[in-house]
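Structural description and commentary
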Amino acid sequence: MTPPEAPVTDLSGRGAGSAPAVSVCAEETSAAAPAARPSVIRTEVLRQRADYLRAASALRQAAPGFLLQARERRAEEPVLPDTIRVGFTCSKKIGNAVTRNRAKRRLRALARLGFAGLARPGWDYVLVGRPGATVSRDFAALQADLIRALTDIHSGKARPQKPRPPRGKVAATTPPTEA
């Protein structure tokens, strides 16, 4: 069997009469109207426990497949204002390590696909897995849950987190008075 013949090319590596792979023509832009650049929205993953605790004490929206916690960052925080930060958590209630990792992979894929147009820059979001539901729920249903939860968070329908009493301290009670 004979190998195929290479096409005949000139010194630049192109065949006779072929167009270049990259256009060398400069685009015409006027100084009066510069080309509009789309704003790039960055996404980062929450890494510090304090960020998770701040998100947990802010707004929350329950969905059948997960719980969404969200908070708008303050201006003085050292994070770029055009950044969306996302965190993922699954407790041992979800199941063993394999099940928890599968749930977190599904939540990461959900955030990667669903946050594009609905999440707002300057916000922190935490997706909390639910036992049984995060792993077994249909992915299309999870996406619909995320869309509904994000719209509820940003439209003001979400509830703030209930304040919890301090841990380790017993509430002082007054003894009953006898009449």
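Every value quoted in this text rests on a predicted model; they were computed, and no experiment measured them. (Residues numbered from 1 in each chain as written. Predicted model: local features only at pLDDT ≥ 70, side-chain atom pairs only at ≥ 80, totals over all residues. Heavy atoms only, no water.)

Observations regarding the overall build of the protein chain
- When helices and strands are tallied, the protein chain shows 4 helices and 6 strands.
- Traced from its N-terminal end to its C-terminal end, the protein chain shows the element sequence β-α-β-β-β-α-β-α-α-β.
- In the protein chain, which comprises 179 residues, the proportion classed as buried is 31%.
- Long-range pairs, those at least 24 residues apart, make up 76% of the contacts in the protein chain between residues at least 6 apart in sequence. (Helix = DSSP H or I, 4+ residues; strand = E, 2+ residues; numbered from the N terminus. Buried < 20%, exposed > 50% of the residue type's maximum accessible area, 1.4 Å probe, protein only. Contact = heavy atoms within 4.5 Å.)

Structural notes on the nonpolar core
- Membership of the largest hydrophobic core comes to 24 residues, with the highest contact counts inside it found for Phe-66, Leu-68, Leu-107, Phe-115, Tyr-125, Leu-127 and Leu-146.
- Sorting the residues of this core by element identifies β3 (66–72), β4 (83–89), α2 (97–118), β5 (123–129) and α4 (139–155) as the ones contributing at least two each.
- Other than its neighbours up to four places away in sequence, Leu-127 contacts Phe-66, Leu-67, Leu-68, Gly-87, Phe-88, Thr-89, Leu-107, Ala-111 and Leu-146.
- Leu-46, Ala-55, Leu-67 and Val-126 belong to the second largest nonpolar core, which has 5 residues in total. (Core = buried A, V, L, I, M, F, W, Y, C linked by side-chain atoms within 4.5 Å.)

Considering the packing of α2 against α4
- Relative orientation of the contacting elements α2 and α4 amounts to 50°, with a least axis distance of 10 Å. Taken as axis vectors, α2 and α4 run oblique relative to one another. For α2 against α4, the interelement crossing comes out right-handed. Contacts between α2 and α4 involve Arg-106, Ala-109, Leu-110, Leu-113, Gly-114, Phe-115 and Leu-118 from the former and Phe-139, Leu-142, Gln-143, Leu-146, Ile-147, Leu-150 and His-154 from the latter. (Axes fitted to C-alpha atoms, helices over the stretch in contact; angles between N-to-C directions. Parallel < 35°, antiparallel > 145°, perpendicular 65-115°, else oblique. Left-handed = near helix turned anticlockwise from the far one by under 90°.)

Quick look at the side chain of Arg-85
- By the element assignment, Arg-85 lies in strand β4.
- Residues in contact with Arg-85, not counting those within four places in the same chain, are Glu-44, Leu-46, Asp-51, Arg-71, Arg-73, Glu-77, Val-79, Trp-123, Asp-124 and Tyr-125.

Examining the pairing of β5
- For β5, the buried fraction is high: 7 of the 7 residues fall into the buried class.
- In β5, alternate side chains face the same way, and those of Trp-123, Tyr-125, Leu-127 and Gly-129 on one face and Asp-124, Val-126 and Val-128 on the other are all buried.
- Strand direction decides the pairing type here: β3 and β5, joined by 7 bridges, are antiparallel. Residue pairing for β5: Arg-71 is matched across the bridge by Asp-124.
- As paired strands, β4 and β5 are joined by 5 bridges and run parallel to one another. (Pairing = 2+ DSSP bridges.)

So, the confidence of the model for the protein chain
- Of the residues in the protein chain, 66% reach a pLDDT of 70 or more, and the chain-wide mean stands at 79.
- Across the protein chain, the secondary-structure element scoring lowest on mean pLDDT is strand β6 (residues 159–160), at 70, and the one scoring highest is β5, at 94.
- Predicted confidence for residues 23–38 stays below pLDDT 50, and this span has 0 contacts to residues more than four positions away or in other chains. (pLDDT = per-residue confidence, 0-100.)

Let's talk about the packing of aromatic side chains
- A complete count under the given rule lists 2 aromatic pairs for this structure.
- Measuring from ring centre to ring centre gives 6.2 Å for Trp-123 and Tyr-125, while their planes differ by 15°; the resulting arrangement is stacked. For the pair formed by Trp-123 and Tyr-125, the shared burial category is buried. (Phe/Tyr/Trp six-rings, centres within 6.5 Å; stacked < 30°, edge-to-face > 60°.)

Examining the environment of Leu-67
- Along the chain, Leu-67 turns up in strand β3.
- Here Leu-67 falls in the buried class, since its relative accessible area comes to 17%.
- Taking the C-alpha atoms as reference, Leu-67 lies 5.0 Å from Val-128; in sequence the two are 61 residues apart.
- Discounting residues that sit within four places of it in the chain, Leu-67 has contacts with Arg-60, Gln-61, Ala-62, Val-126, Leu-127, Val-128 and Arg-130.

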